[in-house]
Every structure is written in C-alpha cells, then in structure tokens.
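# A structural walkthrough
Spelled out, the chains give:
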Amino acid sequence: MLKTTLTFFIIFSLPSVVHSSNSKNSLSGLENLENHYFSIFASPDRQSFALTNSNYNSLDIVNGKDLYDVSIPHINTFSCKWSPDSEKILLTTANYTNKRRKNGLIVISQYGELLLTIIESTFKNIIPIGWTGDNTFHYQVNNILQSFNMNGDEIEWDQPLVYSKNNKLYIKDDPSDPVLIHEADDIILNLSYQLDANLIAFEVYGSEPLIIKNKSLVINDIDDGNMLSISENGKTVVYAKLKDDGYQITEGDLFLFDLKNSTTVKLQNKNGEIRMNPVWITNELIYFIDFRTGSINSLIVKQ
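Presented here is an overview of the structure given in this document.

Cut-offs and rules
Residues numbered from 1 in each chain as written. Predicted model: local features only at pLDDT ≥ 70, side-chain atom pairs only at ≥ 80, totals over all residues. Heavy atoms only, no water. Helix = DSSP H or I, 4+ residues; strand = E, 2+ residues; numbered from the N terminus. Buried < 20%, exposed > 50% of the residue type's maximum accessible area, 1.4 Å probe, protein only. Contact = heavy atoms within 4.5 Å. Polar contact = N/O pair within 3.5 Å; in protein donor to acceptor, adjacent residues only side chain to side chain. Pairing = 2+ DSSP bridges. Axes fitted to C-alpha atoms, helices over the stretch in contact; angles between N-to-C directions. Core = buried A, V, L, I, M, F, W, Y, C linked by side-chain atoms within 4.5 Å. 1 Å grid on protein atoms, 1.4 Å probe; cavity = no way out; pocket = protein on both sides within 12 Å on 5 of 7 lines; lining within 4 Å. Points joined across faces, edges and corners; volume = space filled by probe spheres on them. Patch = residues over 30% accessible without salt bridge, like charges linked within 9 Å, V, L, I, M, F, W, Y side chains within 5 Å. Areas by Shrake-Rupley, 256 points an atom, 1.4 Å probe, with all protein chains shown as cover. Salt bridge = Lys/Arg side-chain N within 4 Å of Asp/Glu carboxyl O. Phe/Tyr/Trp six-rings, centres within 6.5 Å; stacked < 30°, edge-to-face > 60°. Lys NZ or Arg CZ within 6 Å of the ring centre and 35° of its normal.

Here the focus is the environment of Lys-88. Along the chain, Lys-88 falls in strand β9 (residues 88–97). Classification of Lys-88 by relative accessible area gives buried; the value is 7%. Apart from the residues lying within four places of it in its own chain, the contact partners of Lys-88 are Lys-81, Trp-82, Ser-83, Val-107, Ile-108, Ser-109, Leu-115, Trp-131, Asp-134, Asn-135 and Met-150. Among the polar contacts listed, one links the side chain of Lys-88 to the backbone oxygen of Asp-134, at a separation of 3.0 Å.

Spatially, the four strands line up as an open sheet ordered β22-β23-β24-β25, and their pairing is antiparallel. Of all the strands in the sheet, just β22 (226–230) and β25 (263–266) have a single pairing partner and so form its edges. Sheet twist, expressed as the mean angle between neighbouring strand axes with direction ignored, is 25 degrees.

It is worth spelling out the environment of Lys-235 at this point. Structurally, Lys-235 can be placed in the loop between β22 and β23 (236–244). On the accessibility criterion, Lys-235 (54% relative accessible area) is exposed.

Moving on to the nonpolar core. With 17 residues, the main nonpolar core has Ile-40, Phe-49, Leu-51, Ile-281, Tyr-287 and Ile-296 as its most contacted residues. When residues of this core are traced back to their parent elements, those giving at least two are β4 (39–42), β5 (48–52), β26 (275–280), β27 (285–290) and β28 (295–302). At three residues, β27 tops the list of elements feeding residues into this core. Counting residues in each nonpolar core, the second largest holds 14 residues, with Tyr-68, Ile-75, Cys-80 and Ile-89 among its members.

Right, let's get into the layout of surface pockets. What the second largest pocket holds in volume is close to 170 Å³. What lines the second largest pocket is a set of 15 residues, and nearest its centre among them are Pro-73, His-74, Thr-93, Gly-104 and Glu-120. When residues of the lining of the second largest pocket are traced back to their parent elements, those giving at least two are β9, β10 (100–109) and β11 (114–122).

A grouping of Ile-187, Leu-189 and Tyr-205 is seen on the molecular surface, where their side chains present a nonpolar patch of about 280 Å² in accessible area. If you trace the backbone, Ile-187 turns up in the loop between β17 (179–183) and β18 (188–193).

With antiparallel pairing, four strands are arranged side by side in an open sheet as β8-β9-β10-β11. Unpaired on one side and paired on the other, β8 (75–82) and β11 mark the two borders of the sheet. Taking the axes of each pair of neighbouring strands and ignoring which way they run, one obtains an average angle of 20 degrees across the sheet. Sheet analysis places β10 next to β11, joined by five bridges and oriented antiparallel. Paired with Ile-106 across the two strands is Thr-117, which belongs to β11.

Our next topic: the packing of aromatic side chains. Using the criterion set out here, one finds ten aromatic pairs in the structure. With a centroid separation of 6.5 Å and 75 degrees between ring planes, the pair formed by Phe-38 and Phe-291 is classed as edge-to-face. Of this pair, Phe-38 sits in the loop between β3 (24–25) and β4 while Phe-291 sits in the loop between β27 and β28, placing them 253 residues apart in sequence. Residues Phe-137 and Phe-148 carry aromatic rings whose centres are separated by 5.3 Å and whose planes lie at 25 degrees to one another, so their mutual orientation is stacked. Of this pair, Phe-137 sits in strand β13 (residues 136–141) while Phe-148 sits in strand β14 (residues 144–149), and the two are eleven residues apart along the sequence. Residue class for Phe-148 comes out partly exposed when judged on its relative accessible area of 29%. Each member of the aromatic cluster is reached from another via a ring pair, and the members are Phe-38, Tyr-56, Phe-78 and Phe-291. Across from the ring centre of Phe-123, 5.1 Å away, lies the NZ or CZ of Lys-102, which sits over that ring.

This part is about the side chain of Ser-48. Mapped onto the elements of the fold, Ser-48 is located in strand β5. For Ser-48, the side chain forms a polar contact with the side chain of Asn-63, separated by 3.5 Å. Those residues in contact with Ser-48, other than ones at most four positions away along the chain, are Phe-41, Ala-42, Ser-43, Val-62, Asn-63 and Trp-82.

All right, on to the pairing of β5 then. With five of its five residues buried, β5 lies for the most part within the structure. Bridge analysis of β4 against β5 gives four bridges, and the strand direction is antiparallel. Among the inter-strand pairings, Phe-41 is bridged to a residue of β5, identified as Ala-50. Linking β4 back to β5 in an antiparallel pair, the connection comprises five residues, with Arg-46 at a positive phi of about 60 degrees. Where β5 lies against strand β6 (residues 59–63), five bridges are found, and the strand directions are antiparallel. When the sheet's bridge partners are listed, Thr-52 is paired in β6 with Leu-59. Between β5 and the antiparallel strand that follows it, β6, lie six residues; Tyr-56 among them carries a positive phi value of about 55 degrees.

Structure below.
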C-alpha cells in the first residue's frame, strides 16, 4: 500500500435553473491519479472513494487529501462494499489455478490495509452483498447468503440489506428470513438503494431499468439506462445512456429522472465526453467517469 499526500480544491458556479454546469475534473488537484479509472465506489460519508480500472484488478483509494495504492495480490474490485462508518471495504480476490478461478473474500481499511481474510481460496462463487452495521457484513457463496460480524458479536441490523439472486430482489432487516419484493424478467444488475431501502433502483438484463418505491410500487418510466444512482434526498435518479459500435463504447450521456414528476432531463455535454458510472456526492454534485480519458469528472446540478 503506497500513500501519496495530495492537495486539491473544486470551484463551481451553480446554474440558476434545472440543468448542469460544464463538467470539470472532480479531483483536479490529485496530480498522482493515473486517469485510467472505470468505476467509482463512494463511501457513505462521501469523503473517500475507491477507484477501479476496467479490468477490476487494481484499486486506488482517495481518502481526504491522501491517495492510497492498494497492493494486495489478486484483488478483484468488481464490487466494493463500504461499511456504514466509511472505514472498511468488503471485496473479493480472484486467482487462476490450472485455468480454474479460485475466489477469496477480504476486508480492507480505508487506507488499503488488509484487515481480515474471511475466505482465503475456493472454487465457489463469492458475491459481496453489503453491510448492516459497522462490523457486520453479508455475502453470497454459490447464491447462499452468509453473515459475519468482525468482532464475533451478534449480527447487527442497523439498516436493511437489499440484494438479488438472479432475477429476484430481496430485503432482509432482521434475523428472520428475507422477503421477496420483486421478480424481474431477467437478471438484476447494479443495485442502488437508500439506507432505509425506501427507494431501490437497478438494471434488468435485456430490459428497462426499474425503481422500487416503498418496497412495492414499481416505476418503469426510464426507457434505457445504466448504473442508476439515487440522490441522498430521494428526489432524483442519475443514470447513463451508452452507445457502442459493437466493439467499444462510443457515446455516453447522463440523465436526471425526477421521481416526483416522472420527468427526464439530459445533462449538457458540451465537451463530448463519454460519461458513465455516475454517483451522487451531494444532492447537487455528481461524479462520473469519462470513458475516453478514464478521468473522474464532476457536474453540479441545481433544481
């Protein structure tokens, strides 16, 4: 783990109507960023960011003004799950033996240090699910839900757990069995939800994305979209629309969906960026990846 101290600042002017300002490099003072990023995993307090490449085999963590290069062997960053206290990340490892993939499960600190190895190596499929307390996390092994407390205490249920198995969406908020709240037409992908689980957004393979409100109402007003992200105040969903030429992504724009009025607004993209994988930082600030450069850019929107 390599630590680099950085200095950065962000200056934006807020637009006066419902639209976005021109995007700017969101971490413009982080000169040591290698600009090869593909995904952003923001901590719950939005003070730290786990940044991955497109192969999901590298991880940089921006923590305040410091950048940490995580050097743990065979790291797999496809899914990074932050703990509620923003101090830990649950993720997997992957290594190939005789052309067979062996998986592991680990917890690292916000500084990229290995804290705990839960599963060192197995041919079974492992999926990190999420946390329901500062020391309690959940994961699936071959689609079977497992729970673990880092201190050996009882499983914490400070917030609900939302997860999917293939095309089925479940919620679990206590030791009792999980509750099935939706069955989609195909595999559920890229879950995003509020801490109280009153709003849940996700993609459905080969179909339109869906939003579940109050654990029952299904909203399907978004025709096409990738990587939906719900604002903290629960008023807006940001998502990307991508186009490709059959080989690579060629276009990408961000859209805002107003949950109250069921209206959609396309955000200005004067620079022709290929915008993808957006995440809310505040109710007006969005970070996203520019696929062309791999840089982390940002937009301020005002409603």
